[in-house]
Amino acid sequence: MDPWTFWLGGSLALGGGLLTVTRKNAVASVLWLIVAFLGMSTLFLGMDAGFIGVLQILVYAGAIMILFLFVIMLLNLTPSGLLRMDRPRGTTLGLASAAAFIALIVAIVTGGQQWTGGQGGGSEAAILERTGEASMLEGSVLDIADQLFNAHLLPFEAASVLLLVAIVGAVALTKRKL
Amino acid sequence: MDKLNLILLVPELLAVAAGIGVMLWDLWLPREKKIALSTASMVAAVVLFLSTFIPAVAEGGHAMGGTFLVDGMALLMKRAFAVTALFVFLISREYVEDLERGQGEFYTLCLLALSGMFLCASVNDFMSLFVALEVVTVSFFVLVAFKRRSTKSVEAGLKLLVIGSVSAALLLYGIAFVYGATGTVFFDELRADVVAPDFIVSTELVIGLFLIFLGLGFKTSAVPMHVWVPDVYEGAPTPVTAFMSVGSKLAGFVLMLRVLEVFGRSAAIAAELTPFLALIGALTLFYGNLGAIPQTNIKRLMGYSSIGQCGYILLGIAAAWTMGMSGALFYMVSYVFTNMLVFGVIVYVARATKSHDLDDYSGLARSNPMLCAAMTIGLLSLAGVPPLMGFVGKLLLLGSAFGSPELHWLVYVGLINVVIAMYYYLCVIKRMWIHDARSPAKPVAPMRVKIALGISVLILLAGGFAPQILEGLTAPAAAELGLPSRPR
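Rules behind the numbers
Residues numbered from 1 in each chain as written. Chains lettered and ligands numbered in written order. Predicted model: local features only at pLDDT ≥ 70, side-chain atom pairs only at ≥ 80, totals over all residues. Heavy atoms only, no water. Helix = DSSP H or I, 4+ residues; strand = E, 2+ residues; numbered from the N terminus. Buried < 20%, exposed > 50% of the residue type's maximum accessible area, 1.4 Å probe, protein only. Areas by Shrake-Rupley, 256 points an atom, 1.4 Å probe, with all protein chains shown as cover. Rg over C-alpha atoms; globule rule 2.2 N^0.38 Å. Contact = heavy atoms within 4.5 Å. Lys, Arg positive; Asp, Glu negative; His and termini not counted. Charge placed at Lys NZ, Arg CZ, Asp CG, Glu CD. Disulfide = S-S within 2.5 Å. 1 Å grid on protein atoms, 1.4 Å probe; cavity = no way out; pocket = protein on both sides within 12 Å on 5 of 7 lines; lining within 4 Å. Points joined across faces, edges and corners; volume = space filled by probe spheres on them. Nonpolar A, V, L, I, M, F, W, Y, C, P; charged D, E, K, R; others polar. Domains from an automatic or database assignment. Salt bridge = Lys/Arg side-chain N within 4 Å of Asp/Glu carboxyl O. Axes fitted to C-alpha atoms, helices over the stretch in contact; angles between N-to-C directions. Parallel < 35°, antiparallel > 145°, perpendicular 65-115°, else oblique. Core = buried A, V, L, I, M, F, W, Y, C linked by side-chain atoms within 4.5 Å. Buried area = accessible area lost by both parts, 1.4 Å probe. Polar contact = N/O pair within 3.5 Å; in protein donor to acceptor, adjacent residues only side chain to side chain. Patch = residues over 30% accessible without salt bridge, like charges linked within 9 Å, V, L, I, M, F, W, Y side chains within 5 Å. Phe/Tyr/Trp six-rings, centres within 6.5 Å; stacked < 30°, edge-to-face > 60°. Lys NZ or Arg CZ within 6 Å of the ring centre and 35° of its normal. pLDDT = per-residue confidence, 0-100.

A. Structural context of the overall build of chain A. Along the backbone of chain A there are 8 helices and 0 strands. When the elements of chain A are put in sequence order from the N terminus, they spell out α-α-α-α-α-α-α-α. Buried residues in chain A amount to 23% of all 178 residues. For chain A, the computed accessible surface area is about 12600 Å², with 73% contributed by carbon and sulfur atoms.

Here it is, written out as structure tokens:
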């Protein structure tokens, strides 16, 4: 792994984690946890585990953390529980992130020219040639599936029992009337 | 090696099926008939016990492409786990009947925890080890907090959750270190690797193994991962405490034995592990036994006692040769009957007196002589008094440590602790036989529990008078493990 990627991902993950546990406000903790996950994801990408890196963002930062936020907001925390977050100037940050987002889109649209209009064009053979190379990368979906369903089939199946236990337990502990 | 060989997994699959079956049947049963679930769980435990005798299972071998291993130790421990679960179902019937909700879930979680314990006995790679252990741990998070309205129960559940998560992190960190040092998580490959002449014992590997043993030490209540034990034992529903003090503890131990068996083949690794485990064992012994002395609550007392008992098994594990393994297995099997005997009495005394004070046991000899006698024999076996099974177990463990000259100090530590433990166990016995009763409550146990307690007493006596019967089971299982047959 490129040392820069390592230090960037590592410090994001550790710093985010540290801030997660030291924030008084639960919402701020969750937001810093997303930063920590971005750091983890950078590390995965640096190790050529692209699929896991993307999953880290899609599933953890995207889905689970949003669920956490919903839960915290539904908990009806007392005012003392929801301390005011000290937030820097909203307008400036908002404009900056909007600008970054637009820059990103422009970069993708202009940089993406070679995929559609570059040499080889969008013919089936050309796409196959390019994607064929990509799937040879270590950490592709194929490799992960092979590991999950061949070498690590037992823990994969046992994890389903673990999830069942967690679901039954959560219902048994929280439902008022069973 | 590459075959699925699902027939070997029959006990595990049956345990999961039983758990799901009880959960589904619960949906159809009207409230007043829920007691049938208790009977069904007892039958399930017996069937699971018998399923380990199916010829294809008892023959042993590899399954799931080598990540699942059935050997003598796995079979013996699966039988011990099934017996433990049967005991728990026997003594929890009244407790669960009184629950206003979640009766089916109680049994479901117990059976699924049992399936996790079965898996623990058979894991053959680090990934399965972690998942199997978590199945057990997560079930107990819920079972401990099952009395939702009781602050103590919920507090105990939370403590277990927090410390359990920390220890799971330590375990994973250790596994990551070992994977980094060796490049594999499969025990079969590791067994071959560690004995190779060019194998280098790196610092990373040793740190990883230390972390793994610390993580497993949470389950076995070894110092320094013991802090949760007294509080959780006190707060949890008593049948759950009984299950945890035996089932979950032995699941941790069987994994310790497995990891030791894999890495202890290499004399260089064993030389690193032995002082570490011996130190932990000595601290655990002193902490558990000294901590038990001032206790006034029987469940807290049993919590400290279970820490102390863990220390003895660590003696055999630290010695890391066949006799230590055999002694540990012997002690674990005897621990099932001993601890279940004591908890069987505690459950029914607590039902009558509605508390867990040691004072409740004053005058038990007059209010219920049979329970009193059973409790006395259980405590004496825990203390290691001949001619009971606990004595033979301690003898084997101390003997195995005595085999290696650098562990002689540990034997003296063990002997000192036998005396300390004798003191607080005898204090309870004195209270039961000599003191006058404080409360008019008369504990009664139902017939099925009386029979189970009677059988346990007989087994404890038989194990003391004829230890060769059980040793005939543990010695071959230990010999199969591939550790040196002589002390190092």
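B. Structural view of the overall build of chain B. The helix and strand tally for chain B stands at 20 helices and 2 strands. Computed over C-alpha atoms, the radius of gyration of chain B comes to 21 Å, within 12% of the 23 Å expected from 2.2 N^0.38 for 488 residues, which places it in the range of a compact globule. Overall, the C-alpha framework of chain B stretches about 70 × 55 × 40 Å when taken along its three principal axes. Counting only residues that meet the buried cut, chain B has 64% of its 488 residues in that class. Summarising the internal contacts of chain B: among those between residues at least 6 apart in sequence, 83% fall at separations of at least 24. When the accessible surface of chain B is split by element, carbon and sulfur atoms take 69% of a total near 16600 Å². In chain B, which carries 32 positive and 30 negative side-chain charges, the distance between the mean positions of the two groups comes to 11 Å.

C. Quick peek at the state of the cysteines. Residues and elements named next belong to chain B. What the rule picks out here adds up to 0 disulfides over all chains. Free cysteine: Cys 310, not disulfide-bonded; nearest cysteine sulfur from Cys 120 at 16 Å. Note on Cys 427: no disulfide assigned, nearest cysteine sulfur contributed by Cys 372 at a separation of 15 Å.

D. Spatial organisation of the layout of surface pockets. The volume enclosed by the largest pocket comes to roughly 2700 Å³. Lining the largest pocket are 48 residues, and of these Phe 44, Ile 52 and Tyr 60 of chain A together with Met 127 and Leu 172 of chain B sit closest to its centre. Those elements that provide at least two residues to the lining of the largest pocket are α1 (3-22), α2 (26-46), α3 (50-74), α7 (141-151) and α8 (153-174) of chain A together with α6 (126-144) and α7 (151-182) of chain B. Class assignment of the residues belonging to the lining of the largest pocket gives a composition of 36 nonpolar, 8 polar and 4 charged. Mapping the lining of the largest pocket onto the domain boundaries places at least three of its residues in each of domain 1 (1-85) and domain 3 (140-178) of chain A. Lining of the second largest pocket is provided by 19 residues; of these, Tyr 95, Asp 98, Leu 99, Lys 147 and Pro 237 of chain B occupy positions nearest its centre. Within the residue set of the lining of the second largest pocket, elements represented by two or more residues are α4 (72-98), α11 (238-263) and α14 (322-353) of chain B. For the lining of the second largest pocket, the leading source of residues is α14 of chain B, giving 3 residues. For the lining of the second largest pocket, a count of residues per class yields 7 nonpolar, 3 polar and 9 charged.

E. Spatial organisation of the pattern of salt bridges. Residue and element names in this part refer to chain B. With the rule as written, the count across this model stands at 16 salt bridges over all chains. For the salt bridge of Arg 191 with Asp 188, the shortest nitrogen-to-oxygen distance reads 2.9 Å. Of this pair, Arg 191 and Asp 188 both sit in helix α8 (residues 187-194), 3 residues apart, roughly one helical turn. The exposure class assigned to Arg 191 is buried, which follows from its relative accessible area of 11%. Residue Asp 188 is classed as partly exposed on the basis of its relative accessible area of 22%. In this structure, the salt-bridge partner of Glu 261 is Arg 258, at a minimum N-O distance of 3.1 Å. Residue Glu 261 and its partner Arg 258 are located together in helix α11, separated by 3 residues, close to a single helical turn.

F. Representation of the packing of helix α17 (residues 389-403) of chain B against helix α18 (residues 408-433) of chain B. Residue and element names in this part refer to chain B. Between α17 and α18, the least distance of the axes is 8 Å, while the angle of their chain directions is 155°. Relative to α18, the element α17 is oriented roughly antiparallel. Where α17 abuts α18, its residues Lys 394, Leu 398, Ala 401 and Phe 402 lie against His 408, Val 411, Gly 414, Leu 415 and Val 418. Tallied by class, residues from the contact of α17 with α18 come to 6 nonpolar, 2 polar and 1 charged.

G. The arrangement of the nonpolar core in detail. Ranked by internal contacts, the top residues of the largest apolar core, which has 198 residues, are Met 77, Phe 81, Phe 126, Phe 140, Phe 263 and Met 375 of chain B. The leading source of residues in this core is α14 of chain B, at 19 residues. Of all hydrophobic cores here, the second largest spans 8 residues; its members include Val 30, Ile 34, Ala 61 and Ile 72 of chain A.

H. Broad picture of the interface of chain A and chain B. Listed by partner, the interface residues are 21 residues for chain A and 30 residues for chain B. The largest share of the area that chain A buries against chain B comes from Leu 154, Val 165 and Leu 173 of chain A, three residues that together contribute 30% of it. At the junction of chain A and chain B, the tally comes to 0 salt bridges. For the pair chain A and chain B, the interface holds 3 residue pairs in polar contact (both at pLDDT 80 or more). Here the element with the most residues in the side of chain A that touches chain B is α8 of chain A; it accounts for 16 residues. Per-class residue counts for the side of chain A that touches chain B are 16 nonpolar, 3 polar and 2 charged.

I. Main features of a nonpolar patch on the surface. Residues and elements named next belong to chain A. Residues Leu 45, Phe 51, Ile 52, Val 54, Leu 55, Leu 58, Val 59, Tyr 60 and Val 141 make up a contiguous nonpolar surface patch of roughly 730 Å² in combined accessible area. Counting residues per element, the nonpolar patch draws most heavily on α3, at 7 residues. In this structure, Tyr 60 sits in helix α3.

J. Local environment of the packing of aromatic side chains. Scanning all chains against the criterion turns up 18 aromatic pairs over all chains. Measuring from ring centre to ring centre gives 5.3 Å for Phe 6 of chain A and Trp 7 of chain A, while their planes differ by 75°; the resulting arrangement is edge-to-face. Classification of Phe 6 of chain A by relative accessible area gives partly exposed; the value is 39%. Aromatic pair Phe 126 of chain B and Phe 263 of chain B: ring centres 6.3 Å apart, planes at 25°, arrangement stacked. Of the two residues, Phe 126 of chain B is situated in helix α6 and Phe 263 of chain B in helix α11; the sequence distance between them amounts to 137 residues. Taken together, the aromatic side chains of Phe 89, Tyr 95, Phe 106, Tyr 107 and Phe 146 of chain B make up a single cluster linked through ring pairs. The aromatic ring of Phe 53 of chain B is capped on one face by Arg 79 of chain B, whose charged end is 3.9 Å from the ring centroid.

K. Region of the structure containing the domain arrangement of chain A. Per the domain assignment, the segments of chain A are domain 1 (1-85), domain 2 (88-135) and domain 3 (140-178). Here domain 1 of chain A and domain 3 of chain A have C-alpha centroids that lie 23 Å from each other.

L. Summary view of the confidence of the model for chain B. All names here are of chain B. The predicted model of chain B averages 93 in pLDDT, with 100% of residues at 70 or higher. Across chain B, the element-wise mean pLDDT spans from 89 in helix α15 (residues 364-367) up to 96 in α6. For this predicted complex, the interface confidence reaches an ipTM of 0.92, while the overall pTM sits at 0.91.

M. Region of the structure containing the environment of Leu 90 of chain B. Residue and element names in this part refer to chain B. With respect to the helices and strands, the residue Leu 90 is situated in helix α4. Taking the relative accessible area as the measure of exposure, Leu 90 reaches 12% and is therefore buried. For the pair Leu 90 and Asp 436, spaced 346 residues apart in the sequence, the C-alpha separation amounts to 30 Å. Setting aside chain neighbours within four positions, we find Leu 90 in contact with Met 42, Tyr 348, Arg 448, Val 449 and Ala 452.

N. How the structure looks around the confidence of the model for chain A. Residues of chain A with pLDDT of at least 70 account for 76%, and the chain-wide mean is 81. Within chain A, α8 of chain A carries the highest mean pLDDT (94), whereas helix α5 (residues 113-116) of chain A carries the lowest (53).

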